[in-house]
Amino acid sequence: MINSQFYKEKKILLTGHTGFKGTWMCHVLKEMGARVIGYALKPPDAPNLFELSEIVRHIDSVEGDIRDLDHLKRVFERVRPEIVIHMAAQPIVRESYKNPVYTYDVNVMGTVNVLECVRQSGSVRSFLNVTTDKVYKNREWEWGYRENEELNGYDPYSNSKSCSELITESYKNSFFQNGGTAISTARAGNVIGGGDFAADRIIPDCLRAIEAGKEIAVRNPHSTRPYQHVLEPVFAYLLIAEKQYEDLRYAGNYNVGPEEESCLATGELAEEFCRQWNSVTGAGLKWRQDGEPGPHEANFLKLDCTRIKKQLGWKPRWNYKEMVAKTVEWICAYIREENVTEVMLQQIKSYIHEY
């Protein structure tokens, strides 16, 4: 689906490159020969995948805040990127309840600033805003949301991303009708994979339980989510950016999620992780329900990904067992203090080979 030669020597400005998903994106682009310019704050976690994988040696990494419009403009003027992929965000639902103003500031005004730089640059031919599956007004129904469903996220994180979608559409209609720059958004489901250390996510919680020698505490074991390996959306984003660069008719809004079988309850994912971890290590890892009450989160969430499949020919490659196996492989290497970067590169090459 992706023409890896397309990205060779292309100048890609990636916001949020120091995050979990951003770091994987940097490695994929490096393998394709792209010239990556990252713009982000320092990694928020310690440890973090960005530093562990040493990707900084292969890219132009700029420390900056997307709320700082003047600084961001100067980077755009220096770099003159051809493609911009906007991934910088405050991405945690529970954190958004604690710090709603910061969440809206980053996710809303940050998007305005990036789009304003794209508008003034004159060099960008393809722009992709990465949002989330949580942008939809959640009605707790059993079928997947489509791109034309109502946008109205419940919590400050989800709602701020809904706003980011609306801002992108407004800029597209107001300033990019001349056909010079293709504008799209991508609404991806929950991602897992090696190297995620964030708070309030199931796989990092699994890793912390392993390191502490405790059972995995699962807050909402019955909540269904469209889980997918991190490489699935990364390659989908690159496919969208490539296709719309070459043909403006491909610009639009796209859901990116797994097949039906990989839409799991969080307890089911924890059970599969324990099964595979114990099979590989001989351990007796278990999970339990955490009785601690938390703020509102959606119970049932699925995506209908027909549009990206039909229009771009994309489809997910790894089912839930394969994505958990890749995650367990990375965590095993990390625990054993082996070369986690090599594991990442092997998984990237495996994914590319399956194209």
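Note that the structure is a prediction, hence the values are computed from the model and not measured.

**Considering the nonpolar core**
- If you look at the biggest cluster of nonpolar residues, it comprises 82 residues, and the most contacted ones within it are Y7, L238 and F273.
- Element by element, the count of residues in this core is highest for helix α8 (residues 231–246), at 10 residues.
- Excluding residues within four positions of it along the chain, L238 makes contact with I2, Y7, M25, V28, L29, M32 and I85.
- Ranked by size, the runner-up nonpolar core spans 24 residues in total, among them I37, V62, L115 and F176.

**Observations concerning the sheet that holds strand β5 (residues 126–130)**
- Overall, parallel pairing links the 7 strands, which are arranged β3-β2-β1-β4-β5-β6-β11 in an open sheet. Edge strands, defined here as strands with exactly one partner in the open sheet, are β3 (60–63) and β11 (253–256). Here the strands of the sheet are splayed against their neighbours by 20° on average, with no regard to which way each runs.
- Direction of pairing for strand β1 (residues 11–15) relative to strand β2 (residues 35–40): parallel, over a ladder of 5 bridges. When the sheet's bridge partners are listed, T15 is paired in β2 with Y39.

**A word on the pattern of salt bridges**
- Per the stated rule, a full pass over the model turns up 20 salt bridges.
- Residue D200 is joined to R94 by a salt bridge in which the shortest nitrogen-to-oxygen separation is 3.2 Å. Residue D200 is found in the loop between β7 (191–192) and α7 (202–212), and its partner R94 is found in helix α4 (residues 93–98); the two are separated by 106 residues along the sequence.
- Its relative accessible area of 16% is what places R94 among the buried residues.
- Salt-bridge contacts for R208 lead to D205; the nearest nitrogen and oxygen are separated by 2.9 Å. In this pair, R208 and D205 are both assigned in helix α7, 3 residues apart and thus about one turn of the helix distant.
- Judged by relative accessible area, R208 falls into the partly exposed class, the value being 33%.
- What makes D205 buried here is its relative accessible area of 18%.
- When salt bridges that share partners are traced, they join R94, D200, D205, R208 and R219 into one network.

**Concerning the side chain of N190**
- Note on placement: N190 falls in the loop between β6 (182–188) and β7.
- The exposure class of N190 is buried, given its relative accessible area of 19%.
- For N190, the residues in contact, after removing those within four places along its chain, are D133, K134, R225, P226, Y227 and Q228.

**Examining helix α9 (residues 266–281)**
- In this model, α9 (16 residues) spans 22 Å end to end at C-alpha, consistent with the 22 Å of a helix rising 1.5 Å per residue.
- Here α9 has its buried residues at T266, G267, L269, A270, E272, F273, C274, Q276 and W277.
- Against β7, α7, β8 (216–218), β12 (263–265), β13 (287–289) and α11 (320–335) lie the buried residues of α9.
- Directly beyond the C-terminal end of α9, a positive phi value near 80° is found at G282.

**Re the pairing of β2**
- By the criterion of burial, β2 is predominantly enclosed, with 5 of the 6 residues buried.
- You can see the chain leave β1, run along helix α1 (residues 20–31) and come back into β2, and the turn it takes is right-handed.
- Both β2 and β3 contribute to a ladder of 4 bridges, which runs parallel. Among the inter-strand pairings, G38 is bridged to a residue of β3, identified as S61.

**A look at the packing of α1 against α8**
- Look at α1 against α8: their axes get within 10 Å of each other, and the N-to-C directions meet at 60°. It follows from the interaxial angle that α1 and α8 lie oblique. Note that α1 runs across α8; the crossing there is right-handed. Contacts from K21, W24, M25, V28 and L29 of α1 reach α8 at L231, V234, F235, Y237 and L238.
- Split into classes, the residues belonging to the contact of α1 with α8 amount to 9 nonpolar, no polar and 1 charged.

Definitions and cut-offs
- Residues numbered from 1 in each chain as written.
- Predicted model: local features only at pLDDT ≥ 70, side-chain atom pairs only at ≥ 80, totals over all residues.
- Heavy atoms only, no water.
- Core = buried A, V, L, I, M, F, W, Y, C linked by side-chain atoms within 4.5 Å.
- Buried < 20%, exposed > 50% of the residue type's maximum accessible area, 1.4 Å probe, protein only.
- Helix = DSSP H or I, 4+ residues; strand = E, 2+ residues; numbered from the N terminus.
- Contact = heavy atoms within 4.5 Å.
- Pairing = 2+ DSSP bridges.
- Axes fitted to C-alpha atoms, helices over the stretch in contact; angles between N-to-C directions.
- Salt bridge = Lys/Arg side-chain N within 4 Å of Asp/Glu carboxyl O.
- Expected span 1.5 Å × (residues − 1).
- Right-handed = clockwise from strand over helix to strand, strands pointing away.
- Parallel < 35°, antiparallel > 145°, perpendicular 65-115°, else oblique.
- Left-handed = near helix turned anticlockwise from the far one by under 90°.
- Nonpolar A, V, L, I, M, F, W, Y, C, P; charged D, E, K, R; others polar.

Fair warning: the whole summary comes from geometry, so function is off the table for now.
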